Amino acid sequence: NSFITRTNTCGELRSAHVGQEVTLYGWIQYQRQGLFLVLRDFQGLTQIIIPQDEAHSHVKKLLSNAPVESVVRVTGIVSPRPPGQENPKMPTGDIEVKVETAEILNSCKKLPFEIKDFIKKSEALRMQYRYLDLRSFQLQYNLRLRSQIVMRIREYLCNLHGFVDVETPTLFKRTPGGAKEFLVPSREAGKFYSLPQSPQQFKQLLMVGGLDRYFQVARCYRDEGSRPDRQPEFTQIDIEMSFVDQAGIQRLIEGLLQYSWPEERGSITTPFPSMTYEAALADYGTDKPDTRFGMKIVDISDFLRRSDIQFVQNALSCPHGAVKAICIPQGVRYLKNKDLESLKGSAKSQFNQEIMEIICRPDGSLKSLLTKFLGEKQQSELIQVLNMQVDDVVLLAAGEHKQVCSALGSLRLESADLLEAAGLVLRDPTAFHFLWVVDFPLFLPKEENPTELASAHHPFTAPHPSDTSLLYSDPAKVRSQHYDLVLNGNEVGGGSIRIHSAEQQRFVLEKVLKEDCEVLSHLLEALEFGAPPHGGIALGLDRLISLIVDAPSIRDVIAFPKSFRGRDLMGNAPDFVTPEELEPYHIQISWPLAEKEAKKN
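Remember, predicted model here, so these are calculated numbers, not experimental data. Throughout, residues of each chain are indexed from 1 in the direction in which the sequence is written. Selection of residues for local features in this predicted model requires a pLDDT of at least 70, selection of side-chain atom pairs for listing and counting requires 80 or more, and totals for whole chains, interfaces and linings are taken over all residues. Values shown for side chains rest on all heavy atoms present in the structure; no hydrogens or waters enter the calculation.

**Considering the sheet that holds strand 1 (residues 21-32)**
This is how it is decided: Two strands form a pair only when DSSP identifies at least two bridges running between them. Here a strand is any run of E in DSSP of at least two residues, a helix any run of H or I of at least four, and the numbering for each starts at the N terminus. Throughout, an axis means a line fitted to C-alpha atoms (over the contacting stretch in the case of helices), and angles, computed between N-to-C directions, take values from 0 to 180 degrees. In what follows, a contact means two residues having at least one pair of non-hydrogen atoms within 4.5 Å.
On the basis of which strands lie adjacent, the closed barrel formed by five strands has the order 1-2-3-5-4 and mixed pairing. If you compare each strand with its neighbour and ignore which way they point, the axes differ by 55° on average. The pairing of strand 3 (residues 44-49) with strand 5 (residues 95-106) spans two bridges and is parallel. Paired with Ile48 across the bridge in strand 5 is Val97. Against the sheet, helix 1 (residues 57-65) engages strand 1, strand 2 (36-41) and strand 5, with an angle of about 75° to strand 5.

What follows is the structure, encoded as structure tokens:
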């Protein structure tokens, strides 16, 4: 308060302040019949008593007529609340301020919605009036906690471990592979900048430059279109180190998260468990497993291999064929028939995967189309293999290994949602389960052309030391030194040890990925000038904070987010520009087409 004219904030007055004259500034949160109002600022609430005597009639008139959310200054005496009128739910609930003088600094017009957390508001309306939504307790809490965590991260990296905070350029050039980048026109005809999807190349060049340890709270940009819960601009904690291995990066991040973790969320235990990509896919059907609950995928291929079930034999005769299942605990009790049909429909529409259910009746027998192909002994063995209990429901899938795992992994999460909606708690909302996923493939087949390869992470990721020779003979089989950090089934970080050999980097770009090396000539040349071995990671700050505060969307931890279509509903961006403004950039737009698009939106 030493910089401004208030004596106290609205959240700090206590019984010890009784008798003091104070000056408070804030917003009127609530006003009752000209008797009292509740004043709010960034720190809390204080009850203000409106004077009723004739001498202060002008003050009473001023405050009684002021609309809710008007900004006011009040000066008065701190008094104890009358016995029995204390409010233990308010930190300032033992006192009130009796007003002597007041001033309306700015009156508020009719609000589009009430500034209360429990009032339901459409997201579009919240985004349109974001500056009002920011006044809510929850958004204030989220943004302040985010600020505290970032400050602790800076302390840990810079003060304790000698990292250098370096700002890298926002205007750069296109990077091969990865997400789509936003283009920025330049005044040179036909030439465009790109907004970087991450500072990847710059942080590697800083290692070549000998900075040894770099970090940045980096703004990143990806033109990913309408993807729910993604933002076209987002923030990551970007880190790079020289002379480090994968274990070193992992220890650094575990220490960083422990140091910056908010006390009110409990403590986190290190080291975090680790799981290979293959194990994650086999057990959970995804490379970002939620390990807060069981329902792991069980491989029953060997058990059913000797059966006479035709669709099972068809699946197992194919390359990489498998029969797998998940067991839904108490599925009979908590899931309706329509839920099971919905799960099967989801597997069919998303993965083109047929699903068969097996139900364990109260008498311990099985109900399924499979049972007519299995004797009593085989059924009993199947119950043991799947660890089935009475009222459990098993979902079984047969087909190509990866497709089966992906389908069952998706059904595992959908089933958990349905069980929890019906009242069975599977995932502790206060638990934080971190997990390292390692040994990813270096390359994956391209979706549009499976005979060609694309980087699973990015083209600068180094091959696993044990697989280096395979890079030149069978690149599809090479594992990478790429590692992801997963929290409660969400990827919150990803990194890798980088290629520091110009020769190896050129081979990956030219021979494996079939990319034009000219685009990265500056990086390839830099690697020839004594580049140190190096690696790094980026933590998704928005996603991490949203999980810590249990926000329904990352938009709830960003001050001014875009809508899921990538629009700023408050400022109406992006917007049209005139042909005159485009002229210096040598760009022309078909304006009738632009107008048609405007009408469509």
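So that's the structure; there's more coming.
**Observations concerning the pairing of strand 16 (residues 393-400)**
Rules: Any residue under 20% of the maximum accessible area for its type is buried, any over 50% is exposed, and the rest in between are partly exposed; the area is computed with a 1.4 Å probe on protein chains only.
The element strand 16 is largely enclosed, with a buried count of seven among its eight residues. In terms of strand pairing, strand 13 (residues 321-328) meets strand 16 through eight bridges, oriented antiparallel. Looking at the pairing, Gly321 lines up with Glu400 of strand 16. Relative to strand 16, strand 14 (residues 356-360) is paired through four bridges, and the arrangement is antiparallel. If you follow Ile358 over to strand 16, its bridge partner there is Val394.

**What about the pattern of salt bridges?**
Note the following rule: In what follows, salt bridge is the name for a side-chain nitrogen of Lys or Arg lying within 4 Å of a carboxyl oxygen of Asp or Glu.
Inspection of every chain in the model, using the stated rule, returns 33 salt bridges. For Asp133, the salt bridge goes to Arg130, with nearest N and O atoms at 3.2 Å. Linking Asp133 with Arg130, this pair stays in helix 3 (residues 130-133), spanning three residues, or about one helical turn. Per residue, the accessibility class of Asp133 equals that of Arg130, and both read buried. Beyond isolated ion pairs, a larger network of salt bridges with shared partners links Arg126, Arg130, Asp133 and Asp556.

**Quick word on the domain arrangement of the protein**
Basically, it comes down to this: The domain limits used here are those given by an automatic or database domain assignment.
Here the protein is described as being made up of domain 1 (15-106), domain 2 (141-275 + 434-556) and domain 3 (293-422). Computed over C-alpha atoms, the centres of domain 1 and domain 2 are 51 Å apart.

**Things to note about the side chain of Ser368**
The cut-off we apply is this: Two N or O atoms count as a polar contact when they lie within 3.5 Å, although within protein this holds only if one can serve as hydrogen donor and the other as acceptor, and sequence-adjacent residues are included solely when both atoms are side-chain atoms.
By secondary structure assignment, the location of Ser368 is in the loop between strand 15 (366-367) and helix 12 (376-386). What makes Ser368 buried here is its relative accessible area of 15%. Among the polar contacts made by the side chain of Ser368, one reaches the main-chain carbonyl oxygen of Glu357 at a distance of 3.2 Å.

**Description of unusual backbone geometry**
The omega torsion across Thr270 and Pro271 is -5°, close enough to zero to call that bond cis. In the segment running from Ala573 into Pro574, the intervening peptide bond is cis, with an omega of 0°. Tracing the chain through its elements places Pro574 in the loop between helix 17 (541-548) and helix 18 (579-582). Even without a glycine there, the phi angle at Asn352 is positive, about 55°. Mapping Asn352 onto the fold places it in the loop between helix 11 (337-351) and strand 14. Here the phi dihedral of His586 falls at roughly 60°; this positive angle occurs in a residue that is not glycine. Tracing the backbone shows His586 in the loop between helix 18 and helix 19 (591-600).

**Considerations on a negative patch on the surface**
Basically, it comes down to this: Patch building starts from residues that exceed 30% relative accessible area and form no salt bridge, then joins like charges within 9 Å and nonpolar side chains (Val, Leu, Ile, Met, Phe, Trp, Tyr) within 5 Å. All accessible-area figures derive from a Shrake-Rupley calculation using a 1.4 Å probe, and residue coverage is judged against the displayed protein chains alone. Charged-residue counts in this description rest on Lys and Arg as positive and Asp and Glu as negative, His and the chain ends being excluded. Note on charges: their place is set at NZ of Lys, CZ of Arg, CG of Asp or CD of Glu.
Among the surface-exposed residues, Glu21, Asp53, Glu54 and Glu100 lie close enough to one another that they form a single negatively charged patch. Here Glu54 shows up in the loop between strand 3 and helix 1. Taking the relative accessible area as the measure of exposure, Glu54 reaches 69% and is therefore exposed.

**Observations regarding the packing of aromatic side chains**
Note the following rule: Stacked, edge-to-face and tilted labels apply to pairs of Phe, Tyr and Trp rings (six-membered ring for Trp) whose centres lie within 6.5 Å, assigned for plane angles under 30 degrees, over 60, and everything in between, in that order. Lysine and arginine charges are scored as sitting over a ring when NZ or CZ, respectively, is within 6 Å of the ring centre and within 35 degrees of the ring normal.
The full count for this structure, using the stated rule, is 11 aromatic pairs. Relative to Tyr141, the ring of Phe137 lies with its centre 6.3 Å away and its plane at 20°, an arrangement referred to as stacked. Of this pair, Phe137 and Tyr141 both sit in helix 4 (residues 137-161), separated by four residues, roughly a single helical turn. With a centroid separation of 4.6 Å and 50° between ring planes, the pair formed by Tyr472 and Phe507 is classed as tilted. Highlighted residues: Tyr472 in helix 14 (residues 470-473) and Phe507 in helix 15 (residues 502-512), separated in sequence by 35 residues. An aromatic cluster is present here, built from Trp261, Phe272, Phe432 and Phe434 joined pairwise through their rings. Here Arg412 stacks its cationic end above the ring of Phe293, 3.8 Å away from the centre of that ring.

**Remarks on the pairing of strand 9 (residues 213-221)**
Direction of pairing for strand 6 (residues 164-165) relative to strand 9: parallel, over a ladder of two bridges. Paired with Val164 across the bridge in strand 9 is Tyr214. Relative to strand 10 (residues 233-242), strand 9 runs antiparallel, the two being bridged by nine bridges. Across the sheet, residue Val217 finds its bridge partner in strand 10, namely Ile237.

**Section: helix 15**
Taken as a whole, helix 15 has its buried residues at Ala502, Gln504, Gln505, Val508, Leu509 and Val512. Looking at the buried side of helix 15, the elements it contacts are strand 18 (443-445), strand 19 (453-455), helix 14 and helix 16 (521-527). Backbone geometry just downstream of helix 15 places Lys514 in the positive-phi region, at approximately 55°.

**Here's the deal with the state of the cysteines**
Rule in force here: When two cysteine sulfur atoms lie within 2.5 Å, the pair is treated as a disulfide.
A full pass over the atoms with the stated rule returns zero disulfides. Cysteine Cys220 is unpaired, with the sulfur of Cys158 as its nearest cysteine sulfur at 17 Å. The buried category is assigned to Cys220, whose relative accessible area is 0%.

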